[in-house]
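Residues per chain, in single letters:
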Amino acid sequence: MAEVGRAAVRDPGALLPGGFWAAVAVWLERPQVANKRLCGVHLESRRSAALPRPEARGPRPSADPEQGERAAARPSADLEESQGRRQHGEDTREAAAAPLLAGSPGPPGKAGVGEGDLPAWDLDSLWDDFSHSLVGGNQDMLAFLTGSGAGSQPEAQHELDVVLRTVIPKRSPHCPLSAPRREMVVQDVLSGAVTFLPLEEDDKGNLKVKMSNVYQIQLSHSNGEWFISVLIFCPERWHSDGIVYPKLTWLGGELLARLARWSVESKKSAFKSTLSLIPIAKYSKAYQELKEKYKNLVQVWPEVTDPEKFVYEDVAIATYLLVLWEEERAERGVTAKQSFVDLGCGNGLLAHILSSEGHPGRGIDVRRRKIWDMYGPQTRLEEDAITPNDRTLFPDVDWLIGNHSDELTPWIPVIAARSSYNCRFFVLPCCFFDFVGRYRRRQSKKTQYRGYLDFIREVGLTCGFHVEEDCLRIPSTKRVCLIGKSRTYPPTGEVSMDEQRTRYINSRQGCPVSPPGKGPAPPPPGVAASSADRPGSHPHSHGAPDAGAGRAPEARAEGLWLSGFHPREKAERVRNCAALPRDFIDQVVLRVANLLLGRKQLNTGSSQSGSLKTWNRGESLSLAEVAGELDRETLQRLKRECGGLQTLLRNNRQVFEVLNGRVHIRDWREEKLQEEKQPAAKRRAFSEAFKTRLCWFFAHHPDGCVLPADCCPFAHGPGELRPPPATKKQQQSL
């Protein structure tokens, strides 16, 4: 045995030893967080077990002679105290196993569902064979597993947690293909150790424990300090493949540092693990295949958006749906591929991939995109505005998709529920919209994103769906999806359930008016605290939704489900002040610069550079002070553009610097110093734009430009102007 790493852990928040087991759970369930060459793991089964107790066992060799002090804290002389501490240890053991149990909706003994699972009795057999081998002649391994914790408690054997997992390497054309590897993980909470035992198949196909590549992560307490160590059972038999089994220096360095940091982090994630609802191995294989198949779209992307982000993000989302739907077909015993409609499909790439992979469907968006013409006739994309009403239903569609669908996001579960009893939904929320207008956060203890996800979940539950949540692997900060695959009610309950939906939707808008003679109906289950109790909101009355009960008169006349909804505009407005007339922008820039320069008269034509010693840098004013000096009509015109005055000033960065709410005249002497510290790529971009625009200071500042002409990145007069560099699109067309 050898110790390849040891780290002292400061624990000001008194989170240990529980924090250690939380860190171990990350490495056990999500090793890809630390080892980027892994796709993830599949937890196949788990059980409780006990190690065999030989008649005599010597002390375990240890790099820390005092590590047994944590066991000495349980004095056997006091039986009551010993029992109490044993109970505490059992509570800690249960806490260590909690992450596994939380992600295990299946029967006992199963830590997940997917292809290749072993039933619990197979793990029982595997453990029995291994424990018998320990007694039969593998005393060194027995000592390595148990440590001082088991040996210091002779009155009773304590339980171990045994987990069988499959480690799945990431598939990549740049890395050699490595097959998934199975491991048996033994958690001994009382001794503060978790041991990872690799498995291999014998000639008969039976699993057995390999004696190579066995390692252990251990928590110890000595002289008032906590330590985490990484131990190797047999260093000379460690064979690194660089993927599943990294080098020992990585285990004792990178992994150990992460475990030490995670152990004392009190922040808990409010989101689930990634890809928790689908088999990771299938996802990894399918993603690499689709990525290779559709990667050429990056080269011909005609939109102004970042092609790599959007192409690979939609490939990942499509992969997730394809695997999810494949699993669903297997569960239902059907072979026909699911149909879909992508509402708010945007560039249409997700609909294109799903259609190309054999799923009948279409995408609908209010605005046509340039790239639509590149997909071909097999991809159905429609330019249309979706307004939730009695006519926007899809009774023959299996799945409705909302991928960053903005104002349609909360309506998609409603549309799916009312389309047919068999219609399901998938939404990936991004921007925060309520049924009408923007969503407003109601709980300050949650982030706005977490609160919005909970709202969409509440919508799905109220519509009668079992709502599941998962986290996708996409290059986005908004990567949590919500899925409604099945209903909470039988088909015969559709009428009463739709009444509940109507009441809930109206409660978000504060629709009053119960029919005469009837009091307000109680809110749907789970809605009272978050929806019906909102100030000014009233639950809607009972009444058949097809009769239009509770809807505003204009909504009933048009078949709308709620008045006030407005789909986005067909023509995308530019709202960053770039659409304002150039002369208006120039006038505002001159007025603000005049304020900052102490109301000195600015030049309206060309001037020569003045003396650098007397160059006027002006003063600093707050945005409020600048706005106070502008007339109301100018401010209102700016306010109609998203961002207003501040956006206009930031867009004119040649002249102004806006920092911490204050406006300054930009001094390009300081900019030149900063430019020299920039990486080569940015300096190259600066050189390509050199002298392609006129210098504002040369033309308008009373003292001229602060830089000489050969150093200023802008042209001192039309004679110095260079043609601008070709854009990426222009280069592609050449």
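Our structure is the block above this text.
Q: Would you take a moment to explain unusual backbone geometry for this structure?
A: Most peptide bonds take the trans configuration, and most residues that are not glycine carry a negative phi. Across the junction of Leu16 and Pro17, the peptide omega takes the value 5 degrees, indicating a cis bond. Tracing the backbone through its elements, the reader meets Pro17 in the loop between β1 (2-9) and α1 (18-29). The phi angle at Leu275 is positive, at roughly 55 degrees, despite the residue not being glycine. As for its position among the elements, Leu275 is in the loop between α6 (248-263) and α7 (280-294).

Q: Explain the nonpolar core to me, please; I cannot follow it from the model alone.
A: Note on soluble globular proteins: their nonpolar side chains tend to be buried together. With 42 residues, the main nonpolar core has Tyr320, Leu354 and Phe426 as its most contacted residues. Of all the secondary-structure elements, those providing two or more residues to this core are α7, α8 (307-332), α9 (349-356), β12 (399-403), β13 (424-428) and β15 (480-487). The dominant element in this core, judged by the number of residues it contributes, is α8, at 11 residues.

Q: Where do I start with the sheet that holds strand β17 (residues 656-659) in this structure?
A: Think of a sheet as strands paired side by side through backbone hydrogen bonds, with each pair either parallel or antiparallel. Strands sit in the order β16-β18-β17 across an open sheet of three strands; the sheet is antiparallel. At either end of the open sheet lies a strand with only one pairing partner, and these are β16 (621-622) and β17. Relative to strand β18 (residues 662-665), β17 runs antiparallel, the two being bridged by four bridges. Bridge pairing in β18 links Glu657 to His664.

Q: Mind showing me how you'd approach the sheet that holds β12 here?
A: In space, the seven strands of this open sheet follow the order β11-β10-β9-β12-β13-β15-β14, with mixed pairing throughout. Whereas interior strands pair on both sides, the edge strands pair on one side only; in this sheet they are β11 (380-383) and β14 (465-471). Geometrically, the sheet is characterised by an average inter-axis angle of 20 degrees between neighbouring strands, direction not taken into account. Inspection of the sheet shows β13 paired to β15 by three bridges, in the antiparallel sense. Across the sheet, the residue bridging to Phe425 is Gly484, located in β15.

Q: When you look at α8 in this model, what are you seeing that I'm missing?
A: Given 3.6 residues to a turn, an α-helix orients residues that are three or four positions apart in the same direction. Along its 26 residues, α8 runs 37 Å from first to last C-alpha, staying within 8% of the 38 Å computed at 1.5 Å per residue. Of the residues trailing α8, Gly333 is marked for its positive phi of about 70 degrees.

Q: Mind showing me how you'd approach the packing of α1 against α6 here?
A: To describe two helices that pack against each other, one gives the angle between their axes and the distance between the axes. Two elements in contact, α1 and α6, have axes whose closest approach is 8 Å; the angle formed by their N-to-C orientations is 130 degrees. The orientation of α1 relative to α6 falls into the category oblique. In this structure, the crossing between α1 and α6 has a hand that is right-handed. In contact with Gly19, Phe20, Ala23, Val24, Val26 and Trp27 of α1, α6 contributes Trp250, Leu255, Leu259, Trp262 and Ser263. Looking at the contact of α1 with α6, its residues break down into nine nonpolar, two polar and no charged.

Q: Help me understand the pairing of strand β5 (residues 193-201), please; the structure alone is not making it clear to me.
A: Remember that side chains alternate between the two faces of the sheet whenever the strand is regular. Most of β5 sits out of view: seven of its nine residues are buried. Between strand β4 (residues 181-188) and the antiparallel strand that follows it, β5, lie four residues; Gly192 among them carries a positive phi value of about 70 degrees. Where β5 meets strand β7 (residues 215-222), four bridges bridge the pair, whose relative direction is antiparallel. Paired with Ala193 across the strands is Gln218, a residue of β7. Sheet topology note: the β5/strand β6 (residues 207-209) ladder contains three bridges and is antiparallel. The partner of Glu200 across the bridge, within β6, is Lys208. From the end of β5 to the start of β6, which pair antiparallel, there are five residues, and Gly205 there has a positive phi angle of about 85 degrees.

Q: I tried to follow the packing of α8 against α9 on my own but got confused; where do I start?
A: Where α8 meets α9, the axes come as close as 9 Å, and the angle between the chain directions of the two elements is 45 degrees. Here α8 lies oblique to α9, going by the angle between them. Once α8 is placed against α9, the crossing between them reads as right-handed. Contacts between α8 and α9 pair Phe310, Val311, Asp314, Val315, Ile317, Ala318, Leu321, Leu322 and Trp325 from the former with Leu349, Leu350, Ile353 and Leu354 from the latter. Looking at the contact of α8 with α9, its residues break down into 12 nonpolar, no polar and one charged.

Q: Help me understand the side chain of Asp667 in this model?
A: Its place among the elements puts Asp667 in the loop between β18 and α19 (668-676). Those residues within four positions of Asp667 in sequence are excluded, and the remaining contacts are Trp615, Arg617 and Val706.

Q: In this structure, what is going on with the packing of aromatic side chains? I would like to understand it.
A: Geometry of an aromatic ring pair is reported as the spacing of the ring centres plus the angle between the planes. Taken as a whole and assessed by the stated rule, the structure comprises 26 aromatic pairs. Ring centres 6.3 Å apart and planes at 40 degrees place the aromatic pair Tyr320 and Phe426 in the tilted group. Here Tyr320, found in helix α8, pairs with Phe426, found in strand β13; they are 106 residues apart in sequence, far enough to count as distant. Overall, the relative accessible area of 1% leaves Tyr320 in the buried class. What links up through ring pairs into an aromatic cluster is the set Trp411, Phe432, Phe435, Tyr439, Tyr449, Tyr452, Phe455, Tyr504, Trp561 and Phe565. Positioned above the aromatic ring of Phe310, the side-chain terminus of Lys309 is 5.0 Å from the ring centre.

Q: Just to check I follow, could you spell out the pattern of salt bridges for this structure?
A: A side chain with one charge can pair with a side chain of the opposite charge if their charged atoms come near. Following the criterion strictly, the structure yields 37 salt bridges and no others. Ionic pairing is found between Glu328 and Arg332, a salt bridge with its closest N-O pair at 3.8 Å. Separated by four residues within a single helix, Glu328 and Arg332 lie in helix α8, roughly one turn from each other. Through salt bridges with shared partners, one network takes in Lys446, Arg450, Asp454, Arg457 and Glu469.

Q: In this structure, what is going on with the environment of Trp399? I would like to understand it.
A: Topologically, Trp399 is positioned in strand β12. Taking the C-alpha atoms as reference points, Trp399 and Gly484, separated by 85 residues in sequence, lie 9.4 Å from one another. Residues contacting Trp399, with those up to four places away along its chain left out, are Leu324, Trp325, Glu328, Gln338, Ser339, Phe340, Val341, Arg424, Phe425, Phe426, Ile483 and Lys485. Reaching out from Trp399, the side chain makes a polar contact with the side chain of Glu328 at a distance of 3.2 Å.

Q: Before we go on, may I ask you to explain the pairing of β18 in this structure?
A: Alternating residues of β18 divide into Val663 and Ile665, all buried, and Arg662 and His664, none buried. Bridge analysis of β16 against β18 gives two bridges, and the strand direction is antiparallel. Counted as the bridge partner of Ser622 is Arg662 from β18.

Conventions adopted
Residues numbered from 1 in each chain as written. Predicted model: local features only at pLDDT ≥ 70, side-chain atom pairs only at ≥ 80, totals over all residues. Heavy atoms only, no water. Helix = DSSP H or I, 4+ residues; strand = E, 2+ residues; numbered from the N terminus. Core = buried A, V, L, I, M, F, W, Y, C linked by side-chain atoms within 4.5 Å. Buried < 20%, exposed > 50% of the residue type's maximum accessible area, 1.4 Å probe, protein only. Pairing = 2+ DSSP bridges. Axes fitted to C-alpha atoms, helices over the stretch in contact; angles between N-to-C directions. Expected span 1.5 Å × (residues − 1). Parallel < 35°, antiparallel > 145°, perpendicular 65-115°, else oblique. Left-handed = near helix turned anticlockwise from the far one by under 90°. Contact = heavy atoms within 4.5 Å. Nonpolar A, V, L, I, M, F, W, Y, C, P; charged D, E, K, R; others polar. Phe/Tyr/Trp six-rings, centres within 6.5 Å; stacked < 30°, edge-to-face > 60°. Lys NZ or Arg CZ within 6 Å of the ring centre and 35° of its normal. Salt bridge = Lys/Arg side-chain N within 4 Å of Asp/Glu carboxyl O. Polar contact = N/O pair within 3.5 Å; in protein donor to acceptor, adjacent residues only side chain to side chain.

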